[in-house]
Amino acid sequence: MTATTGTWAADWQQWRTERNAQATDEHGIAAATGTHWLSDTPLEIEGVPGSWVATNGRAVGNGPGLHLELAPGERHRSGDLVLQPLIRAGAVALRVFDPQAATRTGLQGIAAFDPDPDWVIEGVIETPSAALELDHIDGFVSDNTGVSIRLPIDGRDLVLWGAATLSGDIQITFADTTNGAETQRFRFLTVPAPDAEGHIVADFNRAYLPPCTFTDHYLCPLPPAENRLDFPVRAGETRLLRADR
């Protein structure tokens, strides 16, 4: 879907509606209150029943009348909380979501720039597969299958790097000169899989704030050097809207 189609603006608005709903949902992005790394030593987590260990790539909880084995990606309701395991480089963590988290209860939504068709940019895959190391906000360094995209931006022919996803999309983390004054931190952009000739469409109007903008309990990758732009990208999400501001 590009800006040349009649439904582009309506599709963008639907995306905005879905993003706001995901952010403010009772167990959505902003409700995370902890990411707890597990080992073979039982760990007790405040407010969560039982004690927890990592076993065979799963989060396992045991206690009086309790035995749970949760695979990464599964979600389990425990009272008002939701528990969701994740795995990174073989290490398992249990993430806790609480609808009463202050990061959620004070969140009213996500602000964004007005949609601008000029920020729908056609490009081409330059490197379809290469090793890409990404630094993460907690100091971890991940190994990824990197994909480079050549895009004409701001009168220049630029190459941005992203990580290939299992679905074939390309996940880009980028920073630009709006960060700080107009936008929070860095931003993410998901570029749909290329066509058979390697052509892609990068719609920066769908650039979005990373989960670590909402709470400190996420493990987001940081922009690589090539993706730290020296000009403003006034498209996509800008900052969180909070009741106390």
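Scroll up to find the structure this text is about.
Here we summarise the structure given alongside this text. (Residues numbered from 1 in each chain as written. Predicted model: local features only at pLDDT ≥ 70, side-chain atom pairs only at ≥ 80, totals over all residues. Heavy atoms only, no water.)

A few words now on the overall build of the protein chain. Looking only at helices and strands, the protein chain features two helices and 16 strands. Against the compact-globule benchmark of 18 Å for 245 residues, the protein chain has a radius of gyration of 20 Å, which places it among compact chains. Taken along the three principal axes of its C-alpha coordinates, the protein chain extends 65 × 40 × 30 Å. Out of the 245 residues belonging to the protein chain, those deemed buried represent 46%. The contacts in the protein chain between residues at least 6 apart in sequence include a share of 61% that link residues at least 24 apart. (Helix = DSSP H or I, 4+ residues; strand = E, 2+ residues; numbered from the N terminus. Rg over C-alpha atoms; globule rule 2.2 N^0.38 Å. Buried < 20%, exposed > 50% of the residue type's maximum accessible area, 1.4 Å probe, protein only. Contact = heavy atoms within 4.5 Å.)

Applying the stated criterion to the full structure yields nine salt bridges. For R150, the salt bridge identified is with D157, shortest N-O distance 3.1 Å. We classify R150 as partly exposed; its relative accessible area is 27%. On the basis of relative accessibility, which here comes to 51%, the residue D157 falls in the exposed class. With a shortest N-O distance of 3.0 Å, R187 and D176 are connected by a salt bridge. In this pair, R187 is assigned in strand β14 (residues 187-191) and D176 in the loop between β13 (170-174) and β14, connecting sequence segments 11 residues apart. The pair R187 / D176 is uniform in exposure class, with both members buried. (Salt bridge = Lys/Arg side-chain N within 4 Å of Asp/Glu carboxyl O.)

For the rest of this paragraph, the subject is the layout of surface pockets. Which parts of space are left empty comes out when a probe the size of a water molecule is rolled across the atoms. Approximately 920 Å³ is the volume attributed to the largest pocket. Around the largest pocket, the lining comprises 33 residues; the ones closest to its centre are H136, Q171, F188, L219 and P221. Of all elements in the fold, only β7 (81-88), β11 (141-153), β12 (156-164) and β13 reach the threshold of two or more residues within the lining of the largest pocket. Its residues assigned to classes, the lining of the largest pocket shows 21 nonpolar, eight polar and four charged. Its volume calculated, the second largest pocket comes out at about 340 Å³. Lining the second largest pocket are 17 residues, and of these T190, P192, V201, D203 and R206 sit closest to its centre. Taken together, the elements giving at least two residues each to the lining of the second largest pocket come down to α1 (8-24), β14 and β15 (199-203). Considering every element that reaches the lining of the second largest pocket, the biggest residue donor is β15, with five residues. Broken down by class, the residue content of the lining of the second largest pocket amounts to 11 nonpolar, two polar and four charged. (1 Å grid on protein atoms, 1.4 Å probe; cavity = no way out; pocket = protein on both sides within 12 Å on 5 of 7 lines; lining within 4 Å. Points joined across faces, edges and corners; volume = space filled by probe spheres on them. Nonpolar A, V, L, I, M, F, W, Y, C, P; charged D, E, K, R; others polar.)

Where strands meet in a sheet, backbone hydrogen bonds hold them as pairs that are either parallel or antiparallel. Read from one edge to the other, the open sheet built from four strands follows the order β2-β3-β4-β5, with strand pairing classed as antiparallel. Looking along the sheet, the strands with just one partner apiece sit at the ends: β2 (43-44) and β5 (66-70). Relative to strand β3 (residues 51-55), β2 runs antiparallel, the two sharing two bridges. Directly across from L43, in β3, lies its bridge partner W52. (Pairing = 2+ DSSP bridges.)

This part covers α1. With 17 residues, α1 should cover 24 Å at 1.5 Å per step; its first-to-last C-alpha distance of 25 Å lies within 8% of that length. Looking only at α1, the buried set comprises W8, W12, W15, R16, R19, N20 and A23. Down the axis of α1, the sector holding all buried residues measures 135 degrees, keeping them to one side. If you follow the buried residues of α1, they end up packed against β9 (107-112), β10 (120-135), β15 and β16 (237-242). (Expected span 1.5 Å × (residues − 1). Arc of directions from axis to C-beta.)

Topologically, L151 is positioned in strand β11. Sequence-wise, L151 and E122 are 29 residues apart; in three dimensions their C-alpha atoms are separated by 6.8 Å. Residues within four places of L151 in sequence aside, it is in contact with I121, E122, G123, R156, D157, L158, L160, I200, A202 and F204.

A few words now on the packing of aromatic side chains. This model, assessed by the stated rule, comprises four aromatic pairs. Look at F174 and F204: their rings are 5.6 Å apart centre to centre, the planes differ by 80 degrees, and that puts the pair in the edge-to-face class. Placement of F174 in strand β13 and of F204 in the loop between β15 and β16 is noted, with a sequence separation of 30 residues between them. A ring pair is formed by F188 and Y208, whose centres lie 5.7 Å apart and whose planes are at 90 degrees; its orientation type is edge-to-face. Placement of the pair is F188 in strand β14 and Y208 in the loop between β15 and β16, with a sequence separation of 20 residues. We note that F188, like Y208, is buried. Clustering of aromatic rings is evident, with ring pairs tying together W119, F174 and F204. In this arrangement the basic side chain of R75 is found over the ring face of F97, its NZ or CZ atom lying 4.9 Å from the centre. The side chain of R88 reaches across the aromatic face of F140, ending 3.9 Å from its centre. (Phe/Tyr/Trp six-rings, centres within 6.5 Å; stacked < 30°, edge-to-face > 60°. Lys NZ or Arg CZ within 6 Å of the ring centre and 35° of its normal.)

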